[in-house]
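Residue-level listing of the chains:
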Amino acid sequence: MKRMRIFTMAVAILLICLVSTCGLAANVKVGFLIKTMQEERYQTDRDIFIAKAKELGAEVIFDAANNNADTQFARFENMLTKGVDVIVIQPVDPEAASNMVRIAHEEGIRVVAYDMAIFSSDLDVFVTPDGWQVGVLQGQEMVKWFKQKRGEVKGNIVLLRGQPGCSNVPLFTQGVLDTVAANPGLKIVVDQYHENWSPDLAMATTENALTKYGNKIDAVVSNNSGMASGAVRALEAQGLADTNKVFVAGSDADLINMRYIVQGKQTMDVFKKIKPLAEKAAEVAVALAKNPNKGIEEIVEVDRYFDNGYKEVPVVVTPIIAVTKDNIMDTVVADGYHSAEEIYGQ
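Just so we're clear, the structure is a prediction, and the values are computed from it rather than from any experiment. Numbering of residues begins from 1 in every chain and follows the order in which that chain's sequence is written. The predicted origin of the model limits local features to residues at a pLDDT of at least 70 and limits the giving and counting of side-chain atom pairs to 80 or more, whereas totals for whole chains, interfaces and linings rest on all residues. As a convention, hydrogens and water are excluded, and side-chain values are obtained from all of the structure's heavy atoms.

Peer 1: Hey, could you run me through the sheet that holds strand β4 (residues 110-114) in this one?
Peer 2: Adjacent strands of a sheet form backbone hydrogen bonds with each other and so pair up, either parallel or antiparallel. When DSSP finds two or more bridges between two strands, those strands count as paired. Strands here mean DSSP runs of E at least two residues long; helices mean DSSP runs of H or I at least four residues long; both are numbered from the N terminus. Read across the sheet, seven strands follow the order β2-β1-β3-β4-β5-β12-β11 without closing on themselves; strand pairing throughout is mixed. Every other strand in the sheet has two partners, leaving β2 (59-64) and β11 (304-307) as the edge strands with one partner each. Ignoring which end each strand starts from, the neighbouring axes of this sheet average 25° apart. Bridge count between strand β1 (residues 29-34) and β2: six bridges; the pairing is parallel. Bridging from a neighbouring strand, G31 pairs with I61 of β2. Here, two residues are considered to be in contact whenever any of their heavy atoms come within 4.5 Å of each other. In this analysis, axes come from line fits to C-alpha atoms, helices being fitted only over the stretch in contact, and the angle between any two N-to-C directions falls in the range 0 to 180 degrees. Those strands touched by helix α3 (residues 69-81) are β1, β2 and β3 (86-89), and its axis lies near 175° from that of β1.

Here it is in structure tokens:
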């Protein structure tokens, strides 16, 4: 009888534990809504985010919006019906996404902007790679290239910007503009936005620039890797996809661009380390879900603040690094983002 009472008490304690702790963790539900799965990197973002959130005891509802703001809003509404406690959004349209923040707050749901800011809203927190440094790194490598290959910092530049209205475009671009302003010999002869960050449109822009300027293009700087790959294809057609002839820079470290770098077709790319970004976003989201009554600064270590047109939004910054032929093994390969076999075809 005594053993039976002890057994019964043990079972009761276990049940209490399951209800109060394990049950609570299982009920934490995080929405992760990104703008697209078009670029290969977003498969990595998704997988790392989900794995980290699950490790922290949260269920993840994931979706992507095919670069369509209306689709994103519909999928956002669907996540609300599924009872998410926090929603992490990479916005298609940073201004239109402010409506999602408002609606989420009306439901008592906090919002984390992922990788791209949301403007004109009471956004809770923004987790992003250091986008302010993307153009800085591209600009530094470009100046170095001109000195090594041309003997002077002088030449024509094609600037490939991403989606019009995207909050990251001005961040990624400013460092390039600052570099050009600091070097009077550099001239941006083409400065073009591209719907949906389209590599094909970027290829057409580069082709048109080559035609207009009689192939006298010295550098192509792109806001992302996909558009940089489009530029390389245009250069290939003119026999100019050679790092001794034209400087090409991208940002995202897509596999094809890593191959272009080792093949000598692209000079550099920017590796926005995906693992720390996705893991940090998951950590922040789960922490917010588990501490709904605490202020952001009580939960999150804030690196800086960003004026989104409505408020100074707390920002959590994750690292980026310039990738070249010389350090590719120590960066994207060492981080497990791509394997040497994938890049070199070994």
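Peer 1: Which parts of the structure should I look at to understand the side chain of K35?
Peer 2: Among the structural elements, K35 can be located in the loop between β1 and α2 (41-55). Burial here depends on accessible area, computed with a 1.4 Å probe over protein chains only, as a share of the maximum for the residue type. Under 20% is buried, over 50% is exposed, and the range in between is partly exposed. Note on charges: Lys and Arg go in the positive column, Asp and Glu in the negative column, and His and the chain ends are not counted at all. Here, a salt bridge means any Lys or Arg side-chain nitrogen found within 4 Å of an Asp or Glu carboxyl oxygen. Despite its burial, K35 pairs with no opposite charge, the nearest such side chain being E39 at 4.6 Å. Residues in contact with K35, not counting those within four places in the same chain, are Y42, A65, N66, N67, Q72, Q90, P91, V92, M116 and W197.

Peer 1: How do you make sense of the packing of aromatic side chains when you look at a structure like this?
Peer 2: The geometry of an aromatic ring pair is captured by two quantities: the separation of the ring centres and the angle between the planes. A pair of aromatic rings is counted whenever rings of Phe, Tyr or Trp (Trp by its six-membered ring) have centres within 6.5 Å, and the orientation is called stacked for planes under 30 degrees apart, edge-to-face for over 60 and tilted otherwise. A complete count under the given rule lists 10 aromatic pairs for this structure. Looking at R46, its charged tip hangs above the ring of F62, at a distance of 5.9 Å from the centre. A positively charged side chain is recorded as over a ring if its NZ (Lys) or CZ (Arg) lies within 6 Å of the ring centre. The angle to the ring normal must also be within 35 degrees.

Peer 1: In this structure, what is going on with the sheet that holds strand β7 (residues 186-192)? I would like to understand it.
Peer 2: Ordered in space as β7-β6-β8-β9, the four strands form an open sheet in which the pairing is parallel. Of all strands in the sheet, those with a lone pairing partner are β7 and β9 (247-249), marking the two edges. Strand-to-strand twist of the sheet, defined as the mean angle between neighbouring strand axes without regard to direction, takes the value 15°. Sheet topology places strand β6 (residues 155-160) next to strand β8 (residues 219-222); four bridges connect them, and they run parallel. Note that in β8 the partner of I157 across the bridge is A219.

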